[in-house]
Amino acid sequence: MSILFVNESSASIGISENRCIVKYADGMKKLIPLESLESITIMGQAQMTTQCVQECLRRGIPLAYFSKGGTYFGRLHSTGHMNAERQRKQCSLYDSDFSINLGKIILSAKLKNQSVVLKRYEKSRGISVEEPLKMIRICREKIEGCKTIPELMGYEGQGAKAYFLGLSMLIEPSFSFQGRNKRPPRDEFNSMLSLGYSILMNELYGKIEIKGLNPYFGFLHRDREKHPTLASDMMEEWRAVIVDSTVMSMINGHEIQKEDFVMNLDEPGCFLTKNGIKLYLAKLEKKLQTEVRYLSYVDYAVSFRRGIALQMDMLVKAIEAEDASIYKPIEIR
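Note that the structure is a prediction, hence the values are computed from the model and not measured. (Residues numbered from 1 in each chain as written. Predicted model: local features only at pLDDT ≥ 70, side-chain atom pairs only at ≥ 80, totals over all residues. Heavy atoms only, no water.)

Caption draft 1: Layout of the sheet that holds strand 2 (residues 12-16). With mixed pairing, the 4 strands of this open sheet are ordered in space as 4-3-2-6. Each edge of the open sheet carries a strand with a single partner, namely strand 4 (29-33) and strand 6 (47-48). Pairing of strand 2 with strand 3 (residues 19-23) involves 5 bridges; the strand directions are antiparallel. Bridging across to strand 3, Ser12 finds its partner in Lys23. Contacts between helix 1 (residues 50-59) and the sheet are confined to strand 2, strand 3 and strand 6, with strand 2 contributing the most and set at about 65° to the helix. (Pairing = 2+ DSSP bridges. Helix = DSSP H or I, 4+ residues; strand = E, 2+ residues; numbered from the N terminus. Contact = heavy atoms within 4.5 Å. Axes fitted to C-alpha atoms, helices over the stretch in contact; angles between N-to-C directions.)

Caption draft 2: Structural context of helix 8 (residues 239-252). For helix 8, built from 14 residues, the straight-helix expectation of 20 Å at 1.5 Å per residue is met to within 8% by its first-to-last C-alpha distance of 18 Å. Along helix 8, the helix axis deviates most sharply at Ser245, where the bend reaches about 30°. Counted residue by residue, helix 8 has 13 buried out of 14 residues, so it is predominantly covered. (Expected span 1.5 Å × (residues − 1). Bend = angle between axes of the 7 residues up to and from the residue. Buried < 20%, exposed > 50% of the residue type's maximum accessible area, 1.4 Å probe, protein only.)

Caption draft 3: Highlighting the pairing of strand 4. Judged from the 5 bridges that link them, strand 3 and strand 4 form a sheet pairing that is antiparallel. The partner of Val22 across the bridge, within strand 4, is Lys30.

Caption draft 4: Layout of the sheet that holds strand 1 (residues 2-6). One open sheet accounts for 4 strands, arranged 1-5-7-8; its pairing is mixed. At either end of the open sheet lies a strand with only one pairing partner, and these are strand 1 and strand 8 (72-76). Taken over all neighbouring pairs, the strand axes of this sheet differ in orientation by 15° on average, direction set aside. Where strand 1 lies against strand 5 (residues 37-43), 5 bridges are found, and the strand directions are parallel. Following the sheet pairing, Phe5 is matched in strand 5 by Thr41.

Below, the structure is given as structure tokens:
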């Protein structure tokens, strides 16, 4: 399957003879058979014909829109996978032990994955991050005894603070940062994280819809207007695994340069240039296609993208059985 990213504002997207055609200002064309097209992501102001939009909706191909700087606007999608009965069950579990138990499973895995990422770079950089790792370990232990969602989120927040402190110690010095910041991101590292998380959110949103669940009915994250809280829930275990590791790999591997970012372009903050976005999207897509054996319930390698889909199957089983213990998170090694 193909994922189409278009970050040229002068590009136009249409269809002809059962193919999606992207035309660029320099005369170049990209042709993708509609049968192999999984989704389209537009970054900037590229134009899409009504015929193409209608055909994508008919086929269930989601369209996601971002600003040139990576701010997520929203998406178009068909209603073909709507499952009212499943969504009623999903909603009924919001204020229940299911939410707390699922939250423990997801956040424990998140903290474990963050520790693994830190240990990998601790080894490669030869720099000790013992204190951040210790705090993450303590937070993970505390999560097991939590009785409420606010308690869970409190320890998750403490763990996240320690984790980003560790990353700041391990990153290439020229890309130094002072913790997580967003809306807008104020440095290169956070700029890449924000865009990566938005793309990951979009991936999860689509997989959630395919299973007939409602992306806005979360368990761990409390209700927020216009925010897909279930997608936020399911993203937690994947952040360090997919986005953070990709960003660290590119920066510490010198695959992206300071020149690939601009400050205060159309809006305040630090943003990737057109070339920077191209490099980053290519690396992120390669990561999503990487096959691994990190899912405990399958005995064969699957891509990270396929793994996300399998996790949604697990979530559906857990919801329908009203048993959070059925859900098995991804834990890297």
